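What follows is the residue order along each chain.
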Amino acid sequence: MPETRPDGTVALPAAAQQRVAGDALLLRGGLWITASVLAIGLVLPLATLFVRAFEDRDGGFAGLENFGRYVTTPTLLAAAGNSLWIAAATTAIVVPVAFFYAYALTRSCMPMQALFRTVMLIPVLAPSLLPALALVYLFGNQGMLKGLLLGHSVYGPIGIVMAQCFYCFPHAAIIMAVALATTDARFYEAAEALRAGRGRIFATVTLPGARYGLVSAAVVVFTLVVTDFGIPKVIGGQFPVLATDVYKQVVGLQDFNMGAVVGLVLLLPAIGAYLLDRWAQGKRAATLSGRAVPYAPRPRRQRDLPLLVFCLGVASVLAGLLGVAAWGSVIRFWPYNLSLTLDNYDFARFDAAGWDSLLVSVRMAGLAAILGTVLIFCTAWLLERGTRPGRLGSILRFAATLPLAVPGLVLGLAFILFFNHPANPLGVLYGTLAILVLNSVVHFYTVAHLTAVTAIRQLDPEFEAASASLKVPAWLTCWRVTVPMCLPAILDIAVYLFVNTMTTVSAVIFLYGPDTKPASVAVVHMDEAGQASAAAAMAVAILGVTLSAKLLQLGTARLVERATQRWRRR
Amino acid sequence: MASGAAPYLVVEEVSKAFGTVMALDGVSLTVAAGEFVSFLGPSGCGKTTLLRAIAGLDPANSGRILQAGRDITALAPAARDFGIVFQSYALFPNLTVAENIAYGLRGPAWPKPRRASRVAELVELVGLTEHVRKFPAQLSGGQQQRVALARALANEPGLLLLDEPLSALDAIVRLHLRQEIRTLQQRLGVTTIMVTHDQEEALGVSDRVVVMNHGRIAQIGRPEDIYRRPANPFVAGFVGRSATFIAWVEAAEGLLQAGQDGWRIAADAARGMPRGTRVEVFIRPEDVRLTRPGEGGAGSFPVTVRHWEFLGPVCRLTLAAGPQRQLEADLPPDAAHALGAMPGAALAAEVPPERVLVFAADA
Ligand SMILES: Nc1ncnc2c1ncn2[C@@H]1O[C@H](COP(=O)(O)OP(=O)(O)O)[C@@H](O)[C@H]1O
Ligand SMILES: [Mg+2]
């Protein structure tokens, strides 16, 4: 309480003024921590990767020699071409399917929408290897449905595209569902008032309204396919693609320079996609006014019934593939002895690390979730509210969106090149859990950051000003108000980081050490060793963990809501 | 402002630019201790920017601000002495009314019992005693406003800043609350600055009004001065309603001539202006006296009623005084009926010369 002077004016104690300066310093320091994490975990590794692409084996300057070698090696070029058309084919299949699935969820009165929504999300929880393994069961050399492929082998483009469709579907469907859900009912009312027919409304209102969502979905699917490593590794056979090429150059041939070149090539479509997606997002945001009236569909049999049949079909394929993988993992000897057994889950028989690799994964994902959430949310808050926007702020804002454009495989490769450099004192981290956690946090930074920013932006922009006027430091208001209000988003971020770190293969495959082999890498190794059933079992075990995490989130969501969101009720 | 005492708040030549937009352009003003001052002006004229510069939330680019004799220009908001109510109230939605009000009451100076009794005192003051356990979303707009006010006053600040405190409320609550704020302010004697774009609000509750336009101060004065003696055409046009037209000074004793038809009107304000000066004339509707044709005084002129609008306590008549000139006149409905002031009726109008507002027009 400031004391009142005899003349009626009020003096603030000098300590208060010092405290103010101290708080500002603290907030600024927070941004510097994030800056160093992103420098060590993103910028410096990528810079190293870039430099290495222009060096020869001994570290001398090679100019464009590596690139010359790349374009004159037909197999390498072919892989790039393969990646592109595989991605294009997957996009052409997935996006329309996702559109109608999302349309059914948002624009129809189809029954069981909640169930379909849940099934749609399941592939997100599984490692991308899982659908590939399931397809091997079904269409592989001993597959039950092999005949359906009319003599074509599933090992190659067919298998890759099928598995990618499964893996990419939820990503496209989520984007489409958001794009279709945020429509303005008044457009429809206006169209109906003008007596437009259903077909005309669909063509003139629905499709244009969803067009940026369609662009986003297509871009996301295309990038996922080009940069995914697990699926072509398991089911690609001899069919070369960019992602497996990086792996082959680095792990097989130990040619880090060529690996760096292929990595840069892999970065190109990802960056292009990233720019295109940002453009589409900006356009989409501009088409939405704050006062949109939500669209509420009315039941109509001719529309709802076909959509229900369609969704049942899609959902059974999704659930079916998972089921096949789960079933395959408890079969004694596919397909000759179909009796059930848990032997495949005795991982020590197939891989020296045994169950420990799952434990490593859980520890890695748990740490990434906890540390990553704290770092990402605090940074988002500092950028949005905590400090005056400065140059460091704008650099960080940009850096936070970069990881989305960097494929996991490229990031992993950049990590080895950077941390294994003889002159780097951080080299001791190589092979430890710490480097895996750092890699995962950086790899999945952008989506988590955007979730945090969106949540924080929904709060009144004057909270910090109000708190300053009440002489309460901003960080205390963040703790007492911002964090409790954003708790649902914070949980989302934590679970997102956990699930993705559990299931990722591409980034960590270069970085694990003898004691830190993650479960997803173990799946690759067991599959490489011909232990398909054990690989499926491990993939199912991973799914079990991620599914439990998700269920835990849903279960606690209600508790969290009761504890912290009481104020929402009127 | 009492002339003897040193002013409580001094704003000297404060400027602030957002990019190329000059939000504040050399603003100077003083506020006496215990005074209630309003910043009035159209949207975007820089009222909020000035308020936030005084609070230190968006520091000014240049100029000086002194509060209670202390130079606070460079101080962080937390080191200044003010309470503020934001346009959105910025109440913390996850804290109860009591927790919101007690938010700034922390540290060793505020042990729990003292804090509790202060909160009780404040909720009593704003009349929310039975709502202390509620969350902001469970309160009406007016009640939220009172919580924000109580929170801003909790620490007994020397200066209370209100940014459009009533703009989110509906008309009746607004009227009621603005009187309540004024009463409270007078009871506590706290120096208060209120930002508003509503002139009735500003004129109704303030000791003095600061009229702003394009980042500059257009006029500072008591409400009556602002209304009766606007310093420039902007204030005359912005504050209150008026009919306006261009005229020329015909004779130095204050006779104006307008238009080709030789229409004349006497205006005290034009006295001493050189003959032929081009002027802007403003006439307020309540200053126009209407009589039956031929019954008016020497300065009266004929008008025709064009349009008739019923506003409740008064009727507003639109009058044609000559081919291109329109005036408006307010008069009680009964008087209008008595005069037969229906559309098409011919009447005589008269404006007291001391009430005609005249400003020399540029060029
Ligand atoms: N943060 C900001 N960034 C850029 N321009 C601003 C910002 N805040 C205010 N302005 C501009 O400054 C001018 C004055 O704004 P403001 O003080 O909010 O006006 P008002 O009188 O309506 O409160 C406006 O032209 C506004 O667009
Ligand atoms: Mg304003």
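Residues numbered from 1 in each chain as written. Chains lettered and ligands numbered in written order. Predicted model: local features only at pLDDT ≥ 70, side-chain atom pairs only at ≥ 80, totals over all residues. Heavy atoms only, no water.

Notes on the overall build of chain A
Helix and strand content of chain A: 22 helices and four strands. When its C-alpha atoms are laid out on the principal axes, chain A stretches across 95 × 70 × 50 Å. Considering chain A as a whole, with its 570 residues, one finds that 55% of them fall into the buried category. The long-range share in chain A, meaning contacts at least 24 apart out of those at least 6 apart in sequence, stands at 78%. Counting every atom, chain A has about 25,300 Å² of accessible surface; 66% of that belongs to carbon and sulfur. Distance from the positive charge centre (42 side chains) to the negative charge centre (28 side chains) of chain A: 11 Å. (Helix = DSSP H or I, 4+ residues; strand = E, 2+ residues; numbered from the N terminus. Buried < 20%, exposed > 50% of the residue type's maximum accessible area, 1.4 Å probe, protein only. Contact = heavy atoms within 4.5 Å. Areas by Shrake-Rupley, 256 points an atom, 1.4 Å probe, with all protein chains shown as cover. Lys, Arg positive; Asp, Glu negative; His and termini not counted. Charge placed at Lys NZ, Arg CZ, Asp CG, Glu CD.)

Here we look at the side chain of Arg208 of chain B
Its place among the elements puts Arg208 of chain B in strand 9 (residues 208-213). Classification of Arg208 of chain B as buried rests on a relative accessible area of 13%.

Here we look at helix 1 (residues 47-55) of chain B
Residues and elements named next belong to chain B. Burial analysis of helix 1 places eight of its nine residues in the buried class, which makes it a mostly covered element. Of the positions making up helix 1, those classed as buried are Lys47, Thr49, Leu50, Leu51, Arg52, Ala53, Ile54 and Ala55. Looking one or two places after helix 1, you find Gly56, whose phi comes out positive at around 85°.

Digging into the sheet that holds strand 4 (residues 62-67) of chain B
All names here are of chain B. With respect to topology, four strands assemble into an open sheet ordered 2-1-4-5, the strand pairing being antiparallel. On the outer flanks of this sheet lie strand 2 (21-31) and strand 5 (70-71), each paired with one strand and no other. Here two bridges tie strand 4 to strand 5, and the two strands are oriented antiparallel to one another. Looking at the pairing, Leu66 lines up with Asp71 of strand 5. (Pairing = 2+ DSSP bridges.)

So, the site of ligand 1
Residue and element names in this part refer to chain B. Neighbouring ligand 1 are the residues Phe18, Val21, Ala23, Pro42, Ser43, Gly44, Cys45, Gly46, Lys47, Thr48 and Thr49. Contacts to ligand 1 include Lys47, whose backbone N or O atom sits 2.9 Å from an oxygen atom. With respect to ligand 1, the side chain of Thr48 contributes an N or O atom lying 2.6 Å from an oxygen atom. Compared with its free state, where it exposes 560 Å², ligand 1 has 57% of that area covered by protein. (Near = heavy atom within 4 Å. Polar contact = N/O pair within 3.5 Å; in protein donor to acceptor, adjacent residues only side chain to side chain.)

Considerations on the sheet that holds strand 15 (residues 289-291) of chain B
Residues and elements named next belong to chain B. Reading across from one edge, 15-19-16-17-18 is the order of the five strands in this open sheet, with antiparallel pairing throughout. At either margin of the open sheet sits one strand with a lone partner, and together these are strand 15 and strand 18 (326-331). For this sheet the average axis-to-axis angle between neighbouring strands, irrespective of direction, equals 45°. Where strand 16 (residues 301-310) lies against strand 19 (residues 346-350), four bridges are found, and the strand directions are antiparallel. Counted as the bridge partner of Phe301 is Ala349 from strand 19. (Axes fitted to C-alpha atoms, helices over the stretch in contact; angles between N-to-C directions.)

Some details on unusual backbone geometry
Residues and elements named next belong to chain B. Phi at Glu13 takes a positive value of approximately 45°, unusual for a residue other than glycine. Relative to the helices and strands, Glu13 is located in strand 1 (residues 9-18). At His214, a position not held by glycine, the phi torsion is positive, near 50°. Secondary-structure assignment places His214 in the loop between strand 9 and strand 10 (216-221).

What to know about the environment of Ala148 of chain B
All names here are of chain B. Looking at the secondary structure, you find Ala148 in helix 4 (residues 141-153). Ala148 sits 94 residues away from Ile54 along the chain, and the two C-alpha atoms are 19 Å apart. Beyond its immediate stretch of four places on either side in the chain, Ala148 contacts Val85, Tyr89 and Leu91.

Some thoughts on the pattern of salt bridges
Going through the model one piece at a time under the given rule, you end up with 29 salt bridges over all chains. Residue Asp255 of chain A pairs with Arg69 of chain A through a salt bridge whose shortest N-O separation is 3.5 Å. Highlighted residues: Asp255 of chain A in the loop between helix 10 (242-252) and helix 11 (256-287) and Arg69 of chain A in helix 2 (residues 65-72), separated in sequence by 186 residues. Residue Arg69 of chain A is classed as partly exposed on the basis of its relative accessible area, which comes to 36%. Through salt bridges with shared partners, one network takes in Arg228, Glu286, Asp287 and Arg355 of chain B. (Salt bridge = Lys/Arg side-chain N within 4 Å of Asp/Glu carboxyl O.)

A word on the nonpolar core
Membership of the largest hydrophobic core comes to 214 residues, with the highest contact counts inside it found for Phe510 of chain A together with Phe39 and Ile54 of chain B. In terms of residue count, helix 6 (residues 157-181) of chain A provides more of this core than any other element does, 14 residues in total. Of the domains in this structure, domain 1 (13-51 + 352-570) and domain 2 (65-328) of chain A are the two that each give at least three residues to this core. Leave out the neighbours within four places in its chain, and Ile54 of chain B touches Leu9, Val11, Phe39, Ile65, Ile72, Arg80, Leu159, Leu161 and Ile193 of chain B. (Core = buried A, V, L, I, M, F, W, Y, C linked by side-chain atoms within 4.5 Å. Domains from an automatic or database assignment.)

What about the domain arrangement of chain A?
Residues and elements named next belong to chain A. Taken domain by domain, chain A consists of domain 1 (13-51 + 352-570) and domain 2 (65-328). Distance between the C-alpha centres of domain 1 and domain 2: 25 Å. A per-residue breakdown of the area domain 1 buries against domain 2 is headed by Ala405, Leu409 and Leu543, which together make up 17% of the total. Counting the contacts that link domain 1 with domain 2 gives one salt bridge. Glu528 is paired through a salt bridge with Lys233; the nearest N and O atoms lie 2.7 Å apart. Of the residues forming the side of domain 1 that touches domain 2, the biggest block, 11 residues, is contributed by helix 22 (residues 532-564). Class assignment for the residues of the side of domain 1 that touches domain 2 results in 26 nonpolar, six polar and three charged. (Buried area = accessible area lost by both parts, 1.4 Å probe. Nonpolar A, V, L, I, M, F, W, Y, C, P; charged D, E, K, R; others polar.)

Section: the environment of Val251 of chain A
Structurally, Val251 of chain A is set in helix 10. Placed 259 residues apart in sequence, Val251 of chain A and Phe510 of chain A show a C-alpha to C-alpha distance of 8.0 Å.

Comments concerning the confidence of the model for chain A
Looking at chain A as a whole, its pLDDT mean stands at 84, while 92% of the residues score no less than 70. Across residues 1-14 of chain A, where pLDDT falls below 50, the model places 23 contacts with residues more than four positions away in sequence or in other chains. (pLDDT = per-residue confidence, 0-100.)

Topic: a nonpolar patch on the surface
Together, Met144, Leu145, Leu148, Trp327, Leu338 and Leu340 of chain A give the surface a local cluster of nonpolar side chains, amounting to about 580 Å² of exposed area. Within the secondary structure layout, Leu148 of chain A lies in the loop between helix 5 (129-139) and helix 6. (Patch = residues over 30% accessible without salt bridge, like charges linked within 9 Å, V, L, I, M, F, W, Y side chains within 5 Å.)

As for the confidence of the model for chain B
All names here are of chain B. Taken residue by residue, chain B gives an average pLDDT of 91. The fraction at 70 or more is 98%. Per-element confidence in chain B is highest for strand 3 (residues 36-40), whose mean pLDDT is 97, and lowest for strand 12 (residues 255-258), whose mean pLDDT is 84. Note on the complex model: pTM 0.84, ipTM 0.84.

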